Amino acid sequence: MKKLAMIGCGGIGRYHLDHLLQFTDIVNLAGFCDLIPEKAEAFAKLAGLETYYTDFKTMYDEVAPDMVFICVPPYCHGEIEYDTIRRGIHFFVEKPISLDVEFSKDISAKVKEAGLITAVGFQCRYSNIVEPSMEFMKNNDITLIEASRVGGVPDIPWWPNKELSGGMIVETTIHQFDMIRYLYGEPELVFTLGARGWVKMDGYDTDDVSVTAVKFKNGALGVISTGCYATEGAAFDSKITFSAGDKRGVHKILSSFEVFEKAKEVPGKEENYVIKGDGALSKVSGVTGWKQEGDAGILCDRTFVEAVNSMDGSQIRSPYDDALKSLIFTMSCNKSMDTGLPVAIEY
């Protein structure tokens, strides 16, 4: 049975460990590493191991894993990936894959040269609401996309510092940016405005709110709004709306997908979906919906493990080279915020 190791035993690492503990029929959990020894020890105990590590190279030397989950903060990428590739270890890495586009381009090239299987933690792509969403895209001419993700500041020490996390767009709302790419298509141009002043906390140095205008390669337009200023869930309704001329699809990541369209006419009843004199549309419509079932992360993680076991990565929905495009998409937004200018997406 092939051996799996993990680097980074924090919150996101525990998310994956909970899944991996269910896969002991297909993989041997062989090593855990974290700079904080207590964290690595806790993970090792959960997996039934006595040995744990604070140096990933020592773990690699002693364990010789076939695959590794890299679950480190955005600013910690670099030597880990280079050494992993040099040793020929297949790897799963959490998003964002880094905060340095040129570095990630180099990693992507080296992965291809080495013939490694990779996957990135965009578990939303494995949701059961993805299939009806894709069907909607295939059968409708989408003109406008509106997306939003609004929350608070996570209780993570490095997160409020944009140089360490990448900010709300790159570290968090990248899931929405990635899903738009996956479901709909590639962006061509972004123009992002950011603002600060609402979040009051020590050590905070990132954007409270931002709005991004997107032009897609097929000519459609989009608006993506995000912020970490909210103190309650009632502050905003986070979702992605794909609008065609006669209907819309509303995708709420890992929650639901609904199609709103003209309701069927009922004899004897007045038409309830009309174009008014000013061009406005009533919102009363027929609705078809799908709900999220289960934990999409389980399928995401198991797909990677099975891919390494079979040496067939065709079922992985977010390999490293594709996740690189989502990084470029979001980092281009940060560049636009910094320069005050539109930024062309260059893959």
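Above this text you will find the structure in question.
It should be emphasised that the depicted structure is a prediction, and the values quoted were computed from it without experimental measurement. (Residues numbered from 1 in each chain as written. Predicted model: local features only at pLDDT ≥ 70, side-chain atom pairs only at ≥ 80, totals over all residues. Heavy atoms only, no water.)

Visitor: Just checking my understanding: could you explain the overall build of the protein for this structure?
Guide: Regarding its fold elements, the protein presents eleven helices and 14 strands. In terms of overall dimensions, the protein is globule-like: its C-alpha atoms have a radius of gyration of 22 Å, near the 20 Å expected for 347 residues. Projected onto the principal axes, the alpha-carbon positions of the protein cover approximately 75 × 45 × 40 Å. Going through the 347 residues of the protein one by one, you find that 50% of them count as buried. Contacts in the protein between residues far apart in sequence, at least 24 positions, make up 70% of those at least 6 positions apart. Entry remark: accessible area of the protein is about 16,400 Å², with carbon and sulfur atoms responsible for 51%. Positive and negative side-chain charges of the protein, numbering 35 and 50 respectively, have mean locations separated by a distance of 4 Å. (Helix = DSSP H or I, 4+ residues; strand = E, 2+ residues; numbered from the N terminus. Rg over C-alpha atoms; globule rule 2.2 N^0.38 Å. Buried < 20%, exposed > 50% of the residue type's maximum accessible area, 1.4 Å probe, protein only. Contact = heavy atoms within 4.5 Å. Areas by Shrake-Rupley, 256 points an atom, 1.4 Å probe, with all protein chains shown as cover. Lys, Arg positive; Asp, Glu negative; His and termini not counted. Charge placed at Lys NZ, Arg CZ, Asp CG, Glu CD.)

Visitor: What is the right way to read the sheet that holds strand β7 (residues 187–195) from this model?
Guide: Sheets are built from strands that pair by backbone hydrogen bonding, the pairs being arranged parallel or antiparallel. Strand order across the open sheet formed by nine strands is β13-β12-β11-β10-β6-β9-β8-β7-β14, with mixed pairing between neighbours. Edge positions in the sheet fall to β13 (286–291) and β14 (343–344), since each has one partner strand and no second. In this sheet, strand β8 (residues 209–216) lies alongside β7 in antiparallel orientation, the contact comprising eight bridges. Bridge pairing links L189 to K215 in β8. Sheet contacts for helix α9 (residues 174–183): β6 (144–150), β7, β8, β9 (221–227), β10 (240–243) and β11 (247–252); angle to β6, the most-contacted strand, approximately 155 degrees. Helix-sheet contacts for helix α11 (residues 320–339) involve β7, β8, β9 and β14, and the interaxial angle to β7 is about 50 degrees. (Pairing = 2+ DSSP bridges. Axes fitted to C-alpha atoms, helices over the stretch in contact; angles between N-to-C directions.)

Visitor: Can you walk me through helix α4 (residues 79–86) in this structure?
Guide: Helical geometry: 3.6 residues make up each α-helical turn, so side chains three or four residues apart lie on a common side. Among the residues of α4, those classed as buried are I80, E81, D83, T84 and I85. In this structure, the buried residues of α4 make contact with β1 (3–7), α3 (56–63), β3 (67–70), β4 (90–93) and α5 (101–114). Remark: G88 follows α4 within two positions and exhibits a positive phi of approximately 75 degrees.

Visitor: Honestly, the packing of α4 against α5 in this entry has me stumped. Any pointers?
Guide: Between two packed helices, both the angle of their axes relative to each other and the distance between the axes serve to describe the pair. Axis separation between α4 and α5 bottoms out at 10 Å; the angle between their running directions is 10 degrees. In this view, α4 runs roughly parallel relative to α5, as classed from their interaxial angle. Residue-level contacts link E81, Y82 and I85 of α4 to F103, D106, I107, K110, V111 and A114 of α5. Its residues placed into classes, the contact of α4 with α5 shows six nonpolar, no polar and three charged. (Parallel < 35°, antiparallel > 145°, perpendicular 65-115°, else oblique. Nonpolar A, V, L, I, M, F, W, Y, C, P; charged D, E, K, R; others polar.)

Visitor: I tried to follow the pattern of salt bridges on my own but got confused; where do I start?
Guide: Side chains carrying opposite charge are able to pair once their charged atoms draw close together. Scanning all chains against the criterion turns up 24 salt bridges. One salt bridge connects E186 with R181, and the closest N-O pair in it is separated by 2.7 Å. Look at R181 and you get buried, because its relative accessible area is 5%. Connected through salt bridges with shared partners, the residues R125, D178, R181, E186 and D322 form a single ionic network. (Salt bridge = Lys/Arg side-chain N within 4 Å of Asp/Glu carboxyl O.)

Visitor: Would you mind going over the layout of surface pockets with me for this structure?
Guide: Rolled over the atoms, a probe with the dimensions of a water molecule shows which regions are left empty. Of the volumes computed, that of the largest pocket is approximately 1,100 Å³. What lines the largest pocket is a set of 50 residues, and nearest its centre among them are I12, C71, V72, P73 and W158. Put simply, the parts of the chain that give the lining of the largest pocket at least two residues each are α1 (11–20), α4, β6, α8 (167–171), α9 and β11. If one sorts the elements of the lining of the largest pocket by residue count, β6 sits on top with three residues. Residue composition of the lining of the largest pocket, grouped by class: 24 nonpolar, 15 polar and eleven charged. (1 Å grid on protein atoms, 1.4 Å probe; cavity = no way out; pocket = protein on both sides within 12 Å on 5 of 7 lines; lining within 4 Å. Points joined across faces, edges and corners; volume = space filled by probe spheres on them.)

Visitor: Hey, could you run me through α5 in this one?
Guide: Taking 1.5 Å of rise per residue, the 14 residues of α5 would be expected to cover 20 Å, and the 20 Å separating its terminal C-alpha atoms lies within 8% of that figure. Listed in full, the buried residues belonging to α5 are V101, F103, S104, I107, S108 and V111. The buried residues of α5 occupy one face: seen down the axis, they fall within an arc of 155 degrees. Facing away from the buried surface of α5 by more than 90 degrees, the exposed residues are E102 and E113. Residues of α5 that are buried sit in contact with α4, β4, β5 (118–120) and α11. Its side-chain oxygen at 3.1 Å from the backbone nitrogen of E102, D100 defines the N-terminal cap of α5. A positive backbone phi angle near 70 degrees is found at G115, which sits one or two residues after α5. (Expected span 1.5 Å × (residues − 1). Arc of directions from axis to C-beta. Polar contact = N/O pair within 3.5 Å; in protein donor to acceptor, adjacent residues only side chain to side chain.)

Visitor: It is not clear to me how the sheet that holds β1 should be interpreted in this structure. Could you clarify?
Guide: With parallel pairing, the five strands of this open sheet are ordered in space as β2-β1-β3-β4-β5. Edge strands, defined here as strands with exactly one partner in the open sheet, are β2 (28–33) and β5. The mean angle between the axes of side-by-side strands here comes to 15 degrees, regardless of whether they run parallel or antiparallel. The pairing of β1 with β3 spans four bridges and is parallel. Across the sheet, I7 pairs through a bridge with I70, a residue of β3. Seen against the sheet, helix α10 (residues 296–310) touches β1, β3, β4 and β5 and runs at an angle of roughly 155 degrees to β3.

Visitor: Got a minute to help me understand the environment of T339 in this structure?
Guide: Topologically, T339 is positioned in helix α11. T339 sits 147 residues away from T192 along the chain, and the two C-alpha atoms are 9.5 Å apart. A polar contact of 3.2 Å, which involves the side chain of T339, links it to the backbone nitrogen of L341.

By themselves, these are just geometric observations and shouldn't be taken as functional.
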